[in-house]
Structure formats: structure tokens, C-alpha cells
Amino acid sequence: MDAPDDELTGKLPSSVHENLGVIADFHERKKEQLSPAQAFFERVSLMLGTPAYVAANLVFAVCWIAWNLVAPNLDFPQLDEPPFFWLQGLIGLNAFIISTAVLIRQNRMSRLANHHAHLDLQVSLLADEKTSKIIQMLEELRRDLPGVQDKPDREADELARRTDTKAVISVIEREADGLDSERK
């Protein structure tokens, strides 16, 4: 099974391997920056989000109810009489722990998502600059080549200009403000 992966890996340009390495290093650094408490809650929240955990909770609740309903008939001590006050307390505590662990993990994932969005924006802006430069260079070549008719191309001229990031942000903010006012 390793052979197909090796074939695919061999077909990828070295820049892809470099980029994957940079991304892996980024994630490793973020993992190393976790405090022991954060790492603990990460592991706990991952465990809490499994079907096995839900199944174990359901089995526990059913067994608790069954035991407490059947125990008096078998002359065993009843731990929690209906309406199962202690079971409700345990379920409430479980819900508190789950929601807190999930929120802690969600906050960290949100910070990571913000880092990724910032990186995506920077890469997009750099790609825009590079694309604009390529279009400018192609237009220069087209004008300078003697065998090619020099005709104005408004679209190429427009695409050759760099995107004004401040203007784009202003438009986005204005549009967002417009959407917010419509919702109110």
C-alpha cells in the first residue's frame, strides 16, 4: 500500500513538499505552545465528541434507571428513587463538563482559524501582486513584439493594476454595515 503513495509523492513538485513541511511545522509549533491544561482539555473534548462516549452515557443512564427500578424488588439498596434526582445531577454535571471542554477547544480552534484566514489573505494579496506583474510583463511583450498588432486591451490594463487593499476593505466594511442595518 506504500507504493501508490510513493508514486504520488514522486509526481509532486518539490515546492509542494516544502509547503507541506511548513504547514506541518506550523501545526507542530502550535501544538507545542499548548499549556498542559489546554492539552488536557483538547484530549478530553476529543474523547467527549465520540459516539462511544455518547453510547457509554446512554448505557450508564439506562443501567442506573433499571437498577433503581428493580433493586427494591430484589431486596437491594435503591440508590436513587424516581424521578432520579442523583442521575439528573450527574447528567447536569456531565453537560457542564462537556460544554466547558468544547468551548475551551472551540476558542483555540477559532484563534487558529483566524491565523489561517490572515495567512490566506496575505497569500491572496501576494498572488494578486504577482498576477498583476505577470500581466504587465505580458502586455509589455505584446507591445514590444514587432509581429504582434498593438491594440489596447482595457481588461488587461485593468487586471494589470494591483488591487487596492484598503479600497477592498472599505467596500467589504460598507457592505457588512449595510447587511447589519438590514437585519435590524
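Worth saying up front: this structure is predicted, and the values here are computed from it rather than measured.

Asks: Tell me what's going on with a nonpolar patch on the surface, and back it up with residues and numbers.
Replies: On the surface, a cluster of nonpolar side chains totalling about 580 Å² of accessible area is made up of W67, L69, V70, L74, F76 and L79. Checked against the element boundaries, L69 lands in helix α4 (residues 51-70). Overall, the relative accessible area of 48% leaves L69 in the partly exposed class.

Asks: Which residues make up the packing of aromatic side chains, and what are the values?
Replies: Summed over the entire model, instances satisfying the criterion amount to 4 aromatic pairs. With 5.6 Å between their ring centres and 45° between their planes, F60 and W64 make a pair best called tilted. You can see F60 and its partner W64 sitting in helix α4, 4 residues apart, about one turn around the helix. Overall, the relative accessible area of 17% leaves W64 in the buried class. Ring geometry for W67 against F76: centres 5.3 Å apart, planes inclined by 35°, an arrangement best described as tilted. Overall, W67 belongs to the partly exposed group, its relative accessible area being 37%. For F76, a relative accessible area of 44% corresponds to the partly exposed category.

Asks: I'd like a rundown of the pattern of salt bridges, residues and numbers included.
Replies: In the structure shown here, the tally under the stated rule is 3 salt bridges. For R105, the salt bridge is made with E42, and the minimal N-O distance between the two is 3.0 Å. Within this pair, whereas R105 is found in helix α5 (residues 85-144), its partner E42 is found in helix α3 (residues 36-48), the two being separated by 63 residues in sequence. The class for R105 is partly exposed, based on a relative accessible area of 24%.

Asks: Can you explain the packing of α4 against α5? Please cite residues and give values.
Replies: The geometry of α4 relative to α5 is characterised by a closest axis approach of 11 Å and an angle of 165° between their N-to-C directions. Comparing the axis directions of α4 and α5 gives the class roughly antiparallel. The handedness of the crossing between α4 and α5 comes out as right-handed. Across from Y53, N57, F60, A61, W64 and I65 in α4, the residues of α5 making contact are W86, L87, L90, N94 and I98. Grouping the constituent residues of the contact of α4 with α5 by class yields 9 nonpolar, 2 polar and no charged.

Asks: Tell me about the environment of Q122, residues and numbers included.
Replies: Summarising the element assignment, Q122 is placed in helix α5. For the pair Q122 and L74, spaced 48 residues apart in the sequence, the C-alpha separation amounts to 70 Å.

Rules used throughout
Residues numbered from 1 in each chain as written. Predicted model: local features only at pLDDT ≥ 70, side-chain atom pairs only at ≥ 80, totals over all residues. Heavy atoms only, no water. Patch = residues over 30% accessible without salt bridge, like charges linked within 9 Å, V, L, I, M, F, W, Y side chains within 5 Å. Areas by Shrake-Rupley, 256 points an atom, 1.4 Å probe, with all protein chains shown as cover. Salt bridge = Lys/Arg side-chain N within 4 Å of Asp/Glu carboxyl O. Helix = DSSP H or I, 4+ residues; strand = E, 2+ residues; numbered from the N terminus. Buried < 20%, exposed > 50% of the residue type's maximum accessible area, 1.4 Å probe, protein only. Phe/Tyr/Trp six-rings, centres within 6.5 Å; stacked < 30°, edge-to-face > 60°. Axes fitted to C-alpha atoms, helices over the stretch in contact; angles between N-to-C directions. Parallel < 35°, antiparallel > 145°, perpendicular 65-115°, else oblique. Left-handed = near helix turned anticlockwise from the far one by under 90°. Contact = heavy atoms within 4.5 Å. Nonpolar A, V, L, I, M, F, W, Y, C, P; charged D, E, K, R; others polar.

The values are spatial; any link to function lies outside them.
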